[in-house]
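Geometric and topological summary
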Amino acid sequence: MKISAPHMGHLHLMLADLFQRMGVEYVKPPPTTTKTLQIGAKVSPEFACLPLKINLGNFIEALEAGADSLVMAGGHGPCRFGYYGIVEDRILRDLGYEFDFYMLEPFNDGAWKFYKLFESLSPGLSIRSLWKILKVSFSKGRAFDRLYKRALQIRACEINRGDTSRALKKAEAVLTAAYSPNEIEEAAAESMAILEAVERDPDRQVLKVGIVGEFYLLLEPFSNFGLEEFLGHMGVYLERSVWVTDWIAPNRNNIIYGYPKKLVKQKAAPYLNHNVGGEGQETVGSVVLFAERGFDGVIQLLPFGCMPENIATSILPKVQQYHDIPVLTLAFDEQSGRAGVITRVEAFLDLLSARRMKRNAGVAAPLEPAAAAMSERM
Amino acid sequence: METSAITGYLGIDVGSVSTNLVILDEHAAVMAAIYRRTQGQPIRAVQEGMKELLELLEDRNIEVRAVGATGSARHLTGVILGADVVKNEITAHAVAASQVIPDVNTVLEIGGQDSKLIVLRDGIVTDFAMNSVCAAGTGSFLDHQSARLGIPIEEFGSYALKSESPAHIAGRCSVFAESDMIHKQQVGVAIEDIVYGLCHALVRNYINNLGKAKDLVEPVVFQGGVAANAGMKRAFEDALDLEVVVPIHHNVMGAIGSAILAMELELMPGESSFKGFDMSDLIYETSTFGCNGCSNTCEIVRIKVEGKTLARWGGRCGKWEAEDEAAAVRMKQASTP
């Protein structure tokens, strides 16, 4: 069996680890590129959202790279995502591909079903050993997330542009090589130290921006034109409301984000007090949280046509008004152009720094890394 | 030249449809302004514009203290002109509007292919919106319709003002708006009413696309090429029930804004990266090639001047740009938060 799954940021690092432990051969889909999206968009319904189109591109490229089995996450609720696996399976078969398809439904939807899926991938796998594997693999996933989270903060103050991204690559390799729980623990510390060693300017005035929105757009840099790295190079400190392991974890304590789902929902309640699917309610709650924590602004990312996020978008003007925090909403699909996104983001940063200057009356606006962004702005 | 040099600030806005250049004096007053078509050739438009600007200034000896560039071709312009500040057009327009009316609260801007709405409070931008999925209602569409109706674009507005009862034109999509206009013509609706009806449709579309949940209050400034159209101004006043001000230099506000941003750098004489008016005689070559580094196959644009590479850009990963670090340093200040 050669198994593959769609890309979603650094999820593949976790999957590679997980499948290795289960003794299943994992085929990492080729990196997501413009070509991947073109392949996916061509076979997707026009009105499906961007994640489905990229998923299908990943699947097709993985099948062509030799995969014979595909895994896709399921789910339920008002968002279309839960149905995407079924649709993708059908589209791929209509195209003539042959493969085994596995829908991974959330643990909370039935522990036995959850176990049986893994057992079908790796026959003879006991519940006990699955639990152990998941635990170790997940702890490694947490360590990856912590690295990426820290990088979003460090990049804003890096002295040599690109140092953070380079250090992150190195740190990632160190952690990837770790296998036993002890090794993982050591590698987590070592990789974080690599990241922390990035030369920084501690006095740099940086804007603080929160990133909220639909999970796929937040987790997959390809889908948002590498917005986080771009902002980091512009000298913006970032925090994000969705992380891979927070999203997977059944308890939803949001260890990486730092604010449990329950609290986020409470914060959203005055504006939106019920689940609208996807991250709609969390988006609203997270904007409130970022505002309360004194962030300069928030950027909301969503795939064009995303119902839960569109509900949030229509509610956010009220949140902006009561909490006095600017929010920039950016919708993406395969027709999006980078130039338009960058123009809006630049104008938004101008807006944020003018507000900051006014508030601090006289304190200089955030500095920008000297030669920054020339390339990034194109 | 015997006369002593006058300090001036050059602002340039290269957009999809027009290329605008202004020279401001030390008090931010417009000394010379050029509005010309880009015609898909931004470098030529800039060079021709610079020549025209020099002619306009006649024998006045201008010492350009600083240069600002904006518009969708701002990076390209910045490189070939040696701009000291390169800013997005939203900020540039807001800065210019604040200069004309210091307590401006709302800026309506409609250009060739985009439209923006900027909300300011106490001189600071607090919110903005820019059309993203639809360009119905921008200058290009009006251009096209005026040609189709055989009315010069300059007279489009005066036609609209003659109308007593505007026709209802479906303005959601510019293609369907055109079908609807043709239909109205075929059933005998007066041309003035169709023209003014079109203005109403465009304004409706603008407000629906950009103005949702935004607090639009006076003073309202209407700028951009389309602001020349008196029918659009009146339609905005009807729809918003507010007084709308169209500044004299409404069509070059982006350039004015970028000149002001350049002025705010407070450069000393000789500190500017400006390459001089001579740049209009240089030969710039642009070429593109596909990078084969990965399957993104990014299209990389290369600009050469006199056989030497001036800048490269266009990649997702930034490896081509990194080799032009020197050029990047010259562009310091570029899009600073």
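Residues numbered from 1 in each chain as written. Chains lettered and ligands numbered in written order. Predicted model: local features only at pLDDT ≥ 70, side-chain atom pairs only at ≥ 80, totals over all residues. Heavy atoms only, no water.

Regarding the pairing of strand β8 (residues 327-332) of chain A
Residues and elements named next belong to chain A. With six bridges connecting them, strand β7 (residues 297-303) and β8 associate as parallel partners. If you follow Ile299 over to β8, its bridge partner there is Leu328. On the question of chirality, the crossover connecting β7 to the parallel β8 by way of helix α14 (residues 307-323) is right-handed. (Pairing = 2+ DSSP bridges. Helix = DSSP H or I, 4+ residues; strand = E, 2+ residues; numbered from the N terminus. Right-handed = clockwise from strand over helix to strand, strands pointing away.)

Overview of α14(A)
Residues and elements named next belong to chain A. The end-to-end C-alpha distance of α14 is 24 Å, a good match for the 24 Å that 17 residues give at a rise of 1.5 Å each. Residue Ile315 marks the point of greatest curvature in α14, where the axis turns by about 40°; the proline Pro317 follows within four residues. Listed in full, the buried residues belonging to α14 are Pro308, Glu309, Ala312, Ile315, Leu316, Val319 and Gln320. Looking at the buried residues of α14, the elements they touch are β5 (207-213), α13 (280-292), β7 and β8. A positive backbone phi angle near 50° is found at Asp324, which sits one or two residues after α14. (Expected span 1.5 Å × (residues − 1). Bend = angle between axes of the 7 residues up to and from the residue. Buried < 20%, exposed > 50% of the residue type's maximum accessible area, 1.4 Å probe, protein only. Contact = heavy atoms within 4.5 Å.)

A word on helix α8 (residues 181-196) of chain A
Residue and element names in this part refer to chain A. Compared with the 22 Å implied by 1.5 Å per residue over 16 residues, the 23 Å span of α8 between its first and last C-alpha is a close match. Those residues of α8 that sit buried are Ile184, Ala187, Ser191 and Leu195. One side of α8 holds all its buried residues, which, seen down the axis, span an arc of 75°. The exposed set on the far side of α8, more than 90 degrees from its buried face, consists of Asn182, Glu185 and Glu186. (Arc of directions from axis to C-beta.)

Points about the pattern of salt bridges
This model, assessed by the stated rule, comprises 30 salt bridges over all chains. Between Lys267(A) and Glu292(A) there is a salt bridge whose closest N-O contact spans 2.9 Å. With Lys267(A) in helix α12 (residues 261-268) and Glu292(A) in helix α13, the pair connects residues that are 25 residues apart, well separated along the chain. By relative accessible area, which is 24% here, Lys267(A) ends up partly exposed. A salt bridge links Glu63(B) to Arg65(B), with the shortest nitrogen-to-oxygen separation between them at 3.5 Å. Classification of Arg65(B) by relative accessible area gives buried; the value is 15%. One connected set of salt bridges, linked through shared partners, spans Asp17(A), Arg21(A) and Lys140(A). (Salt bridge = Lys/Arg side-chain N within 4 Å of Asp/Glu carboxyl O.)

So, the domain arrangement of chain A
Residue and element names in this part refer to chain A. Along its sequence, chain A is organised into domain 1 (2-125), domain 2 (138-200) and domain 3 (204-375). Here domain 2 and domain 3 have C-alpha centroids that lie 23 Å from each other. Domain 2 puts 17 residues into the contact, and the matching count from domain 3 is 24 residues. In this assembly, domain 2 packs against domain 3 so that about 1,800 Å² is buried in total across both faces, 58% of it on carbon and sulfur atoms. Linking domain 2 with domain 3 are one salt bridge. Arg142 is the partner of Asp246 in a salt bridge, and the nearest nitrogen-oxygen pair spans 2.8 Å. (Domains from an automatic or database assignment. Buried area = accessible area lost by both parts, 1.4 Å probe.)

Quick notes on the sheet that holds strand β1 (residues 2-4) of chain A
The strands making up a sheet are joined through hydrogen bonds of the backbone, oriented either antiparallel or parallel. Residue and element names in this part refer to chain A. Spatial strand order, β2-β1-β3-β4: four strands in an open sheet with parallel pairing. Each having just a single partner strand, β2 (25-26) and β4 (100-104) make up the two edges of the open sheet. Bridge count between β1 and strand β3 (residues 69-73): two bridges; the pairing is parallel. By the bridge assignment for β3, Ser4 is matched with Leu70.

Focus on the environment of Gln41(B)
Counting through the fold element by element, Gln41(B) comes out in the loop between β3 (30-37) and α1 (42-57). As a C-alpha pair, Gln41(B) and Ser16(B) span 25 residues in sequence and 9.5 Å in three-dimensional space.

Here's the deal with the packing of helix α6 (residues 127-154) of chain A against α8(A)
Residues and elements named next belong to chain A. Contact geometry of α6 with α8 gives a least axis separation of 10 Å together with a crossing angle of 5°. In terms of their interaxial angle, α6 and α8 are classed as roughly parallel. Side by side, α6 and α8 meet where Val136, Ser139, Lys140, Ala143, Arg146, Leu147, Arg150, Ala151 and Ile154 of the first sit next to Pro181, Ile184, Ala188, Ser191, Met192, Leu195 and Glu196 of the second. Of the residues in the contact of α6 with α8, the class split is 10 nonpolar, two polar and four charged. (Axes fitted to C-alpha atoms, helices over the stretch in contact; angles between N-to-C directions. Parallel < 35°, antiparallel > 145°, perpendicular 65-115°, else oblique. Nonpolar A, V, L, I, M, F, W, Y, C, P; charged D, E, K, R; others polar.)

With respect to the side chain of Ser258(B)
All names here are of chain B. Tracing the chain through its elements places Ser258 in helix α9 (residues 253-263). Accessibility expressed as a relative area gives 1% for Ser258, which makes it buried. A distance of 3.0 Å separates the side chain of Ser258 from the backbone oxygen of Ala255, its partner in a polar contact. When residues no more than four places from it in sequence are discounted, the contact partners of Ser258 are Gly11, Ile12, Gly68, Ala69, Thr70, Val85 and Ala92. (Polar contact = N/O pair within 3.5 Å; in protein donor to acceptor, adjacent residues only side chain to side chain.)

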